[in-house]
Amino acid sequence: MKRHFLYLCCCLCVTLLAYSHIAYAGTAKADRNIKGRDSLYLQVYGGINKSANENLPMSEFSSYPWSGGLFIGVGEEFNALWGWRAALRYNYNKSRNVQECESPDTWGWSSLGLFGDATFDITDALRTSGHRGKALNLKAFAGVGLEYTFGFPMQTPLSYSVAYSTKSRVVPAARAGLDITYKLSDRLKLGMELSHTIFNDHFNGVKTGSPLDMRTNIKIGVTIALLGRKELPITPVAPIVYDTRLRTVPTLPFKLPDPEDTKIRTIQGRAFLDFPVNETVIYPRYRRNPEELQRLNKTIENALFDKSFKVQRVVLHGYASPESPYSNNTRLAKGRTQALKSHVCRKFGIAESIVQTHYTPEDWDNLRTFIETNGESRRVKGNVWYEREGIVETPVMPQYVTDSRKELLDVIDLEMDLDEKEAMLKKVDGGRPYNWLLRHVYPGLRHTDYIIEYVVRHYPVKEARRLIYTHPEALSTEEMYLVAQSYEEGCDGWLDALLIAARQYPEDKTANLNAACGCVETKRFTDARKYLKKAGSTPQAEYLKDVMDAMEGKKPWKMENGKVIVKKITE
């Protein structure tokens, strides 16, 4: 009979799992606010129970002795159907002596159990999701746990024929049953529970027959909701929004750039050549000169790649450092500038008549800038000292130079004879700052700045298609636009030509307008707005802005005579 009971419980569990999957499919939610779901609750029940052992068959249930017990449970539902519950249960059990014992007396013992239950809401499973959470509720539950059995009679014989023990112990247990509640308010429910507990304890006595013993419990009590339920939020039905974006690209306001009659280009740079003390001759292998001459030659050769280019003006401005008498520095600055002039004219075949030379005997301005910026001016690409960020000849300014910075600047700002100024600079802090500057900073003050202006010829489209990737500086914005027009609209070469023109001439409004149009044509709206910011407030730029607003659905629009007309939104 007991095996049949276990089999029935297993079949019931499988049936509930299958049904719940069908009934609750598609309604599980990540949030905790589900209609019909019980939030965290506390149960306090008390009642009666009947006990049986392995020697009393279920057919004699009516003759089982009565006893009582109580339990305290805490539980919650995961969703409208499934939940959990933890229960601490105490029962005082009354048992009739086993059949082998001649005494007809009953005897009592106690059990304290802790169970973890899985609950299934039968009532909500039989209702649709919109009608769950009614006042009357029926749940099935099943769980496992541990029972502590104790308080066995020490004087009453349990069996005269079989050895037994009255020692207290912990035994595994399982239980299943039904729980029915009726809601009195949002927080309080009346309830009744019918449960059947199976555990292996042999009454701590008889060791024969079935190893399982059972208890049937009927208890009543109250269920208290520990957390109040929140009302389900009413989600407003969002109005249907139709996508009214402009899907096709209308004719865009490309503009042919103005022609450049005479294409004049400029090279600007700074050469740091090393000279022996008091000499003005360039020695190609002296100190850093091989690298500096290579850099200078490569820069000019790259710009004058086309032998048809005509150099029309060269400006050289030489500087010396202020550590020797001013008259000598004048000679050095002038002579070293002439030396670079001779090198440039000889190397690149430039006529000396178009070369202008200037010189500053002592570069106090750059010395002041270096001290004022704590040396950062020599460590930043494109600033005072070097064109390449990788070149960092000067170490970090030591603290004793930094501490004397104000005094050094005060001396440099004096209006006085430059040789006397240098003598005062040597006296600051006993000469330590000056010696460090002389060693690490003064070499950088010996430099020559150069400007080379040359005229570039006009290129046909076939040549321009190659040069736009290798020497875009040689092309005008008009030539780049014609290169774009030589490609199929929308292809990579077409877009590249428009974007390269905008990068090469970042301040040219027409180049930026055409680049923005190219991005709109290829649906690159973020890039288009970046270029459009530099295209000015021309009618073409304003119209392109309206086209983008229509294509992105930002403003209402309509088409008139093939043009996009957007509705202006006033604040």
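Right above here is the structure, for reference.
Visitor: Even after reading the chapter, I still don't get the overall build of the protein chain, so can you show me in this structure?
Guide: Scanning the protein chain from N- to C-terminus turns up 15 helices and 14 strands. In the protein chain, buried positions account for 44% of the 571 residues. Within the protein chain, contacts between residues separated by at least 24 positions form 68% of all contacts whose residues are at least 6 apart in sequence. For the protein chain, the exposed area adds up to about 30,600 Å²; of that, 57% sits on carbon and sulfur atoms.

Visitor: I'm lost on the sheet that holds strand S10 (residues 310-319) in this one. Help?
Guide: Picture the strands of a sheet paired through backbone hydrogen bonds; they go either parallel or antiparallel. Sheet architecture is open: four strands sit in the order S9-S12-S10-S11, paired in mixed fashion. A single partner strand is all that each edge strand has here, and the edge strands are strand S9 (263-271) and strand S11 (355-360). Ignoring strand direction, the axes of neighbouring strands in this sheet form an average angle of 15 degrees. With six bridges connecting them, S10 and S11 associate as parallel partners. Residue pairing across strands places Val314 opposite Val355, the latter belonging to S11. The strands that helix H4 (residues 326-348) touches are S9, S10, S11 and strand S12 (448-456); relative to S11, the one it contacts most, it runs at about 155 degrees.

Visitor: Honestly, the side chain of Lys341 in this entry has me stumped. Any pointers?
Guide: On the secondary structure map, Lys341 appears in helix H4. Buried charge without a salt bridge: Lys341, with Glu352 as the nearest opposite-charge side chain at an N-O distance of 4.3 Å. Contacts of Lys341, omitting those with residues within four sequence positions, involve Leu316, Glu352, Val355 and Thr357.

Visitor: Explanation requested: the side chain of Asp38 in the structure shown.
Guide: The topology assignment puts Asp38 in the loop between helix H1 (2-24) and strand S1 (41-52). Looking at Asp38, its side chain comes within polar contact range of the side chain of Lys139, at 2.7 Å. Discounting residues that sit within four places of it in the chain, Asp38 has contacts with Glu76, Glu77, Lys139 and Lys189.

Visitor: Would you take a moment to explain helix H3 (residues 289-303) for this structure?
Guide: Every α-helix winds through 3.6 residues per turn, so residues three or four apart in the chain are directed the same way. With 15 residues, H3 should reach 21 Å at 1.5 Å per residue; the first-to-last C-alpha distance of 21 Å fits that figure. The complete set of buried residues in H3 reads Asn289, Glu292, Leu293, Arg295, Leu296, Asn297, Ile300 and Ala303. Against S9, H4 and S12 lie the buried residues of H3.

Visitor: For this particular structure, what's the right way to read the environment of Asp261?
Guide: By secondary structure assignment, the location of Asp261 is in the loop between strand S8 (213-225) and S9. For Asp261, a relative accessible area of 69% gives the class exposed. Distance in space between the C-alpha atoms of Asp261 and Arg457 is 9.8 Å, their sequence separation being 196 residues.

Visitor: Mind showing me how you'd approach the pattern of salt bridges here?
Guide: If charged atoms from side chains of opposite charge come close, those side chains can pair. Enumeration according to the criterion identifies 30 salt bridges in this entry. The closest approach of N and O atoms between Lys555 and Asp549, which form a salt bridge, is 3.5 Å. Of the residues examined, Asp549 reaches a relative accessible area of 7% and is grouped as buried. Among the ionic pairs, Glu552 bridges to Lys554, the shortest N-O distance being 3.5 Å. Here the residues in one salt-bridge network are Asp38, Glu77, Asp121, Lys139 and Lys189, joined through shared partners.

Visitor: How should I be thinking about helix H9 (residues 432-440) in this particular structure?
Guide: Residues of H9 that are buried include every one of Pro433, Tyr434, Trp436, Leu437 and His440, and no others. Buried positions in H9, seen along its axis, are confined to an arc of 165 degrees and lie on one side of it. Buried-residue contacts for H9 involve helix H5 (364-372), helix H6 (399-403), helix H7 (405-412) and helix H8 (418-427).

Visitor: Help me understand empty space enclosed by the protein in this model?
Guide: To find the voids left in a structure, one rolls a probe of water-molecule size over its atoms. Scanning the entire structure with this criterion turns up two cavities of 30 Å³ or more. Estimated volume of the largest cavity: approximately 90 Å³. Lining the largest cavity, in full, are Ala271, Leu273, Phe275, Gly318, Tyr319, Ala333, Arg336, Thr337, Leu340, Arg446, His447 and Thr448. In terms of residues, the lining of the largest cavity owes the most to one element, H4, which gives four residues. Split by residue class, the lining of the largest cavity holds six nonpolar, four polar and two charged. Empty space within the second largest cavity amounts to approximately 40 Å³. Surrounding the second largest cavity, Pro257, Thr477, Met480, Tyr481, Leu498, Ala501, Ala511 and Asn514 form its lining. Taken together, the elements giving at least two residues each to the lining of the second largest cavity come down to helix H11 (477-485), helix H12 (492-504) and helix H13 (509-521). Among the elements that take part in the lining of the second largest cavity, H11 stands out by supplying three residues, more than any other.

Visitor: Quick question: what am I supposed to make of the nonpolar core here?
Guide: Inside soluble globular proteins, nonpolar side chains tend to come together where they are buried. In this structure, Ile350, Tyr454, Tyr459, Val520, Leu532 and Leu544 are the most contacted members of the largest nonpolar core, which totals 66 residues. Residue contacts for Leu532: discarding those within four places in its chain leaves Leu513, Ala516, Ala541, Leu544, Lys545 and Met548. Core analysis: the second largest hydrophobic core is formed by 18 residues, Trp364, Val401, Leu425 and Val441 among them.

Visitor: How do you make sense of the packing of aromatic side chains when you look at a structure like this?
Guide: In this description, a pair of aromatic rings is defined by centroid distance and the angle of the planes. Within this structure, the stated rule accounts for eight aromatic pairs. Both rings, one in Phe254 and one in Trp494, keep their centres 5.8 Å apart while their planes meet at 70 degrees; by these two values the pair is edge-to-face. Highlighted residues: Phe254 in the loop between S8 and S9 and Trp494 in helix H12, separated in sequence by 240 residues. The exposure class assigned to Trp494 is buried, which follows from its relative accessible area of 1%. Taking 5.8 Å as the distance between ring centres and 80 degrees as the angle between the ring planes, the aromatic pair formed by Tyr434 and Tyr442 counts as edge-to-face. Residue classification places Tyr434 among the buried residues on the basis of a relative accessible area of 4%. Members of the aromatic cluster, joined through ring pairs, are Phe305, Phe309 and Tyr454. Above the ring of Phe115, the side-chain terminus of Arg175 is found at 5.5 Å from the ring centroid.

Rules used in this analysis
Residues numbered from 1 in each chain as written. Predicted model: local features only at pLDDT ≥ 70, side-chain atom pairs only at ≥ 80, totals over all residues. Heavy atoms only, no water. Helix = DSSP H or I, 4+ residues; strand = E, 2+ residues; numbered from the N terminus. Buried < 20%, exposed > 50% of the residue type's maximum accessible area, 1.4 Å probe, protein only. Contact = heavy atoms within 4.5 Å. Areas by Shrake-Rupley, 256 points an atom, 1.4 Å probe, with all protein chains shown as cover. Pairing = 2+ DSSP bridges. Axes fitted to C-alpha atoms, helices over the stretch in contact; angles between N-to-C directions. Lys, Arg positive; Asp, Glu negative; His and termini not counted. Salt bridge = Lys/Arg side-chain N within 4 Å of Asp/Glu carboxyl O. Polar contact = N/O pair within 3.5 Å; in protein donor to acceptor, adjacent residues only side chain to side chain. Expected span 1.5 Å × (residues − 1). Arc of directions from axis to C-beta. 1 Å grid on protein atoms, 1.4 Å probe; cavity = no way out; pocket = protein on both sides within 12 Å on 5 of 7 lines; lining within 4 Å. Points joined across faces, edges and corners; volume = space filled by probe spheres on them. Nonpolar A, V, L, I, M, F, W, Y, C, P; charged D, E, K, R; others polar. Core = buried A, V, L, I, M, F, W, Y, C linked by side-chain atoms within 4.5 Å. Phe/Tyr/Trp six-rings, centres within 6.5 Å; stacked < 30°, edge-to-face > 60°. Lys NZ or Arg CZ within 6 Å of the ring centre and 35° of its normal.

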